Amino acid sequence: MSNLSNMEATISFRDVRLGFEEGDIVHELSFEVYPRETLVLLGETGTGKTLSLKMAAGLMRPQKGEVNVRGRRVSTMSEKALLAFRREIGFVFQEGARFDSLTVRANVADRLGK
């Protein structure tokens, strides 16, 4: 097993907060994911699972705290820098497929023009 103390986290959330008029959805969320680790976000509807993924991809910004992905502080990146960053990562949202009748592979292939 590798020594995680010598590695930089691939994804880290530090004291992240995000809420709306109804109140906080994500409150003081902190975690780290290291290379070759798997993290499962598990919770009831409305507990911030998708919001957390959107913050990691820079699609939403936390109101408080810090989100770092692959050594970059995503929570403060400019929109131009985020566009370049998003070309280096991949994500597919559960209900966000371009064509719900196609597989994930077929949707990705369509986007790539294949």
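As the structure is a prediction and not an experimental result, all values here were calculated from the model.

What counts and what doesn't
Residues numbered from 1 in each chain as written. Predicted model: local features only at pLDDT ≥ 70, side-chain atom pairs only at ≥ 80, totals over all residues. Heavy atoms only, no water. Buried < 20%, exposed > 50% of the residue type's maximum accessible area, 1.4 Å probe, protein only. Helix = DSSP H or I, 4+ residues; strand = E, 2+ residues; numbered from the N terminus. Arc of directions from axis to C-beta. Contact = heavy atoms within 4.5 Å. Pairing = 2+ DSSP bridges. Axes fitted to C-alpha atoms, helices over the stretch in contact; angles between N-to-C directions. Core = buried A, V, L, I, M, F, W, Y, C linked by side-chain atoms within 4.5 Å. Patch = residues over 30% accessible without salt bridge, like charges linked within 9 Å, V, L, I, M, F, W, Y side chains within 5 Å. Areas by Shrake-Rupley, 256 points an atom, 1.4 Å probe, with all protein chains shown as cover. Salt bridge = Lys/Arg side-chain N within 4 Å of Asp/Glu carboxyl O.

Trainee: Is there a simple way to explain helix 1 (residues 49-56) in this structure?
Mentor: Residues spaced three or four apart along an α-helix point in a common direction, a consequence of the helix completing one turn every 3.6 residues. Within the span of helix 1, buried status applies to Leu51, Ser52, Met55 and Ala56. With its buried residues spanning 140° around the axis, helix 1 presents them on a single face. Taken together, the buried residues of helix 1 touch strand 1 (11-20), strand 2 (23-33), strand 3 (64-69) and helix 2 (79-86). Positive backbone phi, at 75°, marks Gly58, one or two positions downstream of helix 1.

Trainee: Even after reading the chapter, I still don't get unusual backbone geometry, so can you show me in this structure?
Mentor: Glycine aside, the phi torsion of most residues is negative, and most peptide linkages are trans. The phi torsion at Glu28 lies on the positive side, around 55°, for a residue other than glycine. Residue placement: Glu28 occurs in strand 2.

Trainee: Could you clarify how one ought to interpret the sheet that holds strand 2 in this entry?
Mentor: What the four strands build is an open sheet, ordered 2-1-3-4; its pairing is antiparallel. Unpaired on one side and paired on the other, strand 2 and strand 4 (72-73) mark the two borders of the sheet. In this fold helix 1 packs onto strand 1, strand 2 and strand 3, with an angle of close to 120° to the strand it touches most, strand 1.

Trainee: Help me out: how do you make sense of the nonpolar core in this one?
Mentor: A general feature of soluble globular proteins is that nonpolar side chains tend to end up buried together. Grouped together as the largest cluster of nonpolar side chains are 15 residues, with contacts concentrated most on Phe13, Val16, Met55, Val67, Val69, Val74 and Phe85. Of all the secondary-structure elements, those providing two or more residues to this core are strand 1, strand 2, helix 1, strand 3 and helix 2.

Trainee: Just to check I follow, could you spell out the pairing of strand 2 for this structure?
Mentor: Walk down a regular strand and you will see the side chains alternate between the two sheet faces. Relative to strand 2, strand 1 is paired through seven bridges, and the arrangement is antiparallel. Counterpart to Phe20 in the pairing with strand 2 is Gly23. Between the antiparallel neighbours strand 1 and strand 2 lie two residues.

Trainee: Can you walk me through a nonpolar patch on the surface in this structure?
Mentor: Residues Leu39, Leu41 and Leu53 make up a contiguous nonpolar surface patch of roughly 240 Å² in combined accessible area. Within the secondary structure layout, Leu39 lies in the loop between strand 2 and helix 1.

Trainee: Please clarify how the environment of Leu41 should be interpreted in this entry.
Mentor: Note that Leu41 resides in the loop between strand 2 and helix 1. For Leu41, a relative accessible area of 33% puts it in the partly exposed group. For Leu41 and Ser52, which are 11 residues apart along the polypeptide, the C-alpha to C-alpha distance reads 8.9 Å. Every residue in contact with Leu41, bar those within four places of it in the chain, is listed here: Lys49, Ser52 and Leu53.

All we've got here are geometric facts, nothing functional implied.
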